[in-house]
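# Understanding the architecture of this molecule
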Amino acid sequence: MGLADAMDSSPAYAFKVTIDGIEVPKVTEVSGLKNEVDKIELKQQLADGKYVVRQLMGRPKAGEFTVTRGLTDSKTITDWLSKVMTGDVAGSRKTAAVELLDYAGASLKKYEFTNCWVRSVEVNSLKAGATEQATEKFTVCYDESKVV
């Protein structure tokens, strides 16, 4: 399987994040996009006495990613965390997606996540007289992911 020899790569600034199909506004950063499987190490002693170590593919791993967005009066993410904290498992589970876009805004690749729930919500440092934007950073845990 050869890799495509495209002229241009995806720009890092062109992406969008959706949770249950609704786009999250004012997203400035997404980190931790990763698909991974467990690695199984098989150690064997062969008939001729030779010791061999083989690496086998394991099961897909669950994971998490982090989204940073401009702070607004929206309480959607903190309300989501409140549901998680009260133990509302059914109400806490959502779907999420991070879509990478090309220069024209067309989809290049989409990471889809199932059984998501928010693990933490954090506001950046607030400083008197500062000129930077206040942001909200939240970490989303997921059970399964796929790239389409």
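In short, a report on the structure. (Residues numbered from 1 in each chain as written. Predicted model: local features only at pLDDT ≥ 70, side-chain atom pairs only at ≥ 80, totals over all residues. Heavy atoms only, no water.)

### A look at the pairing of strand E6 (residues 63-70)
Counted only if it meets this: When a residue's accessible area, from a 1.4 Å probe over protein chains only, is under 20% of the maximum for its type it is buried; when over 50% it is exposed; and in between it is partly exposed. Think of it this way: any DSSP run of H or I at least four residues long counts as a helix, any run of E at least two long counts as a strand, and we number them from the N terminus. Two strands qualify as a pair provided that DSSP identifies no fewer than 2 bridges between them.
Burial within E6 is extensive, with 6 of its 8 residues counted as buried. Of the pairings in the sheet, the one linking strand E3 (residues 27-31) to E6 comprises 4 bridges and is antiparallel in character. Opposite valine 27, over in E6, you have arginine 69 as the bridge partner. Alignment of E6 against strand E9 (residues 135-142), held across 8 bridges, turns out to be antiparallel. Paired with phenylalanine 65 across the two strands is valine 140, which belongs to E9.

### Remarks on the nonpolar core
To keep things clear, this is the line we draw: What is meant by a nonpolar core is a set of buried Ala, Val, Leu, Ile, Met, Phe, Trp, Tyr and Cys residues, joined one to another through side-chain atoms within 4.5 Å. Throughout, a residue-residue contact means that at least one pair of heavy atoms, one from each residue, lies within 4.5 Å.
Within the largest apolar cluster, 17 residues are counted, with the highest numbers of intra-cluster contacts made by Ile19, Phe65, Trp80, Phe113, Cys116 and Phe138. Listed by contribution, the elements that provide at least two residues to this core are strand E1 (15-19), E6, helix H1 (76-85), strand E7 (94-101), strand E8 (107-123) and E9. Among the elements that make up this core, the one with the highest residue count is E8 (4 residues). Residues contacting phenylalanine 138, with those up to four places away along its chain left out, are Ile19, Phe65, Thr66, Val67, Arg69, Ile77, Val118, Ser120 and Val121.

### With respect to the environment of serine 9
Position of serine 9 relative to the elements: it lies in the segment before E1. Judged by its relative accessible area of 59%, serine 9 falls in the exposed class.

### A closer look at unusual backbone geometry
We note that aspartate 20 has phi near 50°; this positive angle belongs to a residue other than glycine. Its relative accessible area of 40% is what places aspartate 20 among the partly exposed residues. Backbone geometry at lysine 26 places phi at a positive 60°, although glycine is not the residue there.

### Some thoughts on H1
To be explicit about the condition: To be clear, the arc concerns the directions from the helix axis to the C-beta atoms.
Listing the buried residues of H1 in full gives Ile77, Trp80 and Leu81. All buried residues of H1 lie within an arc of 100° about the axis, which places them on one face of the element. Glycine 87, located one to two residues past H1, shows a positive phi value of around 85°.

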